[in-house]
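Commentary on secondary and tertiary structure
Below, each chain spelled out in residue letters.
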Amino acid sequence: MASRLTLSLALLLFGVIIGIVDARFVKDVHTSRRSALENGLGRTPQMGWNSWNHFQCNVNEQMIKETADALVSSGLASIGYKYVNIDDCWAELNRDSQGNLVPKASTFPSGMKNIADYIHSKGLLLGIYSDAGSYTCSKTMPGSLGHEDQDAKTFASWGVDYLKYDNCYNTGASPKERYAKMSKALLNSGRSIFFSMCEWGQEDPATWAPEIGNSWRTTGDIKDKWESLTSNADQNDRWATYARPGAWNDPDMLEIGNGGMTTDEYISHFSIWALVKAPLLIGCDVRSMSNETLAILSNKEVISVNQDPLGRQGRKIKKEGDLEVWAGPLSRGRTAVVLWNRGSSQSAINVAWSDLGLDPAKAFRARDLWAHSTSHSMRGQLTGVVGPHACKMYVLMPFN
Ligand code: GAL
């Protein structure tokens, strides 16, 4: 009798243990489904510059070198903007007789190895662009489809540190296959190369790209317009839970400094992109940017929200008409908050600790990241008066 009881208890205990193990296993499966490409890159969102938003196809080696110089002399490089990324239109339309990509003789006569050496000598990193199809989107150069290993080796031999991989002129095969091939080719190339996937969010890449890419576009191309910025922010927000260190949602590059939006709109652009852990890739001409543009791009407090080691994407947590609150957790028990007025008149925006998942009884101090001032300790809620198309950005810090 006693031994039967012992046996039942043992079985019960065994069942409980199995249950716990099972639950942990389910959790592990969940995590591994979302496991990042383990090339060690992009532990925080990538920062740098890209030629496309301002120059489109008008790229050449001199302006790339001048851009590298300007990133250094402006101080942007030293606060994290490391990648100098050449977008579309850098290669000849035809490969050489061995099938290798050839830099365009008229615009990149010194070749990419030379440019990489120059960029590395400045303490920066070089990014390049190709496409998971037979041509790139400009149709002025070949894509890498069917040439993945060869092109990845070429990029590695030039000293390239980053590949943006576009989706034009593909043959209709799933991007899951086409992008996975290049991911593998880069891993086998003998060089650490950041993999930036650009399939425009067509096949919900957040659900599969973290295993093969360091970032993936969640939207079509951004335009230098308010409506484009708000729309890209909203489309990107759907995928917030999929981002993590090494694997980021990408609502496209920055338009700050390109002239199509007001200063307040550009400040909203930078604040939201930082909060949602988007890549911070400058898209203006840094050789001739205004002091105002430089001031926005070099707000270190906002950048440190983007580069926070916790790596959790902030999201839209509250919306009343045009008045929105976006927020997310940071390391050391802090919380980043953006009060965003998308309407056309000045308004007060309020957020309660309970909206933020914080203990209503706890006191916090709010650091205003654009005014660079810190509040007294506050309980319960935070309110800001925010101008049209403007935002206020805070970090709430626990106060004992
Ligand atoms: C688009 C891409 C842009 C830019 C352009 C170049 O597909 O989304 O960011 O790279 O191609 O042609």
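Procedures and definitions
Residues numbered from 1 in each chain as written. Predicted model: local features only at pLDDT ≥ 70, side-chain atom pairs only at ≥ 80, totals over all residues. Heavy atoms only, no water. Pairing = 2+ DSSP bridges. Helix = DSSP H or I, 4+ residues; strand = E, 2+ residues; numbered from the N terminus. Axes fitted to C-alpha atoms, helices over the stretch in contact; angles between N-to-C directions. Phe/Tyr/Trp six-rings, centres within 6.5 Å; stacked < 30°, edge-to-face > 60°. Buried < 20%, exposed > 50% of the residue type's maximum accessible area, 1.4 Å probe, protein only. Lys NZ or Arg CZ within 6 Å of the ring centre and 35° of its normal. Right-handed = clockwise from strand over helix to strand, strands pointing away. Salt bridge = Lys/Arg side-chain N within 4 Å of Asp/Glu carboxyl O.

Regarding the sheet that holds strand β7 (residues 248-250)
Within a sheet, adjacent strands bond to each other through the backbone by hydrogen bonds, running parallel or antiparallel. Taken together, eight strands build an open sheet; the order of strands is β7-β6-β5-β4-β3-β2-β1-β8 and the sheet is parallel. Bordering the open sheet on either side are β7 and β8 (280-282), each of which pairs with just one other strand. For this sheet, the mean inter-axis angle between neighbouring strands, taken without regard to orientation, is 25°. As paired elements, strand β2 (residues 83-85) and strand β3 (residues 125-131) share three bridges and run parallel to each other. The residue bridging N85 from the neighbouring strand is G127, located in β3.

So, the packing of aromatic side chains
Following the criterion strictly, the structure yields 16 aromatic pairs and no others. Look at F155 and W158: their rings are 6.2 Å apart centre to centre, the planes differ by 55°, and that puts the pair in the tilted class. Residue F155 and its partner W158 are located together in helix α5 (residues 148-158), separated by three residues, close to a single helical turn. Overall, the relative accessible area of 0% leaves F155 in the buried class. Connected via pairs of aromatic rings, a cluster forms that spans Y83, Y162 and F194. Taking the ring centre of Y118 as reference, the NZ or CZ of K65 above it sits at 5.2 Å. Sitting above the plane of the W340 ring, R342 keeps its charged end 4.8 Å from the centroid.

A closer look at the pairing of β3
When you tally the buried positions in β3, you get six out of seven residues, the bulk of the element. Each parallel crossover has a hand, and for β2 linked through helix α4 (residues 112-121) to β3 it is right-handed. In this structure, β3 lies alongside strand β4 (residues 162-166), joined through five bridges in parallel fashion. The partner of Y129 across the bridge, within β4, is K164. As a crossover connection, the stretch from β3 through α5 into β4 is right-handed.

Description of the pattern of salt bridges
Going through the model one piece at a time under the given rule, you end up with 17 salt bridges. Its salt-bridge partner being D221, residue R217 comes within 2.8 Å of it at the nearest N-O pair. By relative accessible area, which is 45% here, D221 ends up partly exposed. Put simply, D234, K316, K319, E324 and R342 are held in one network by salt bridges that share partners.

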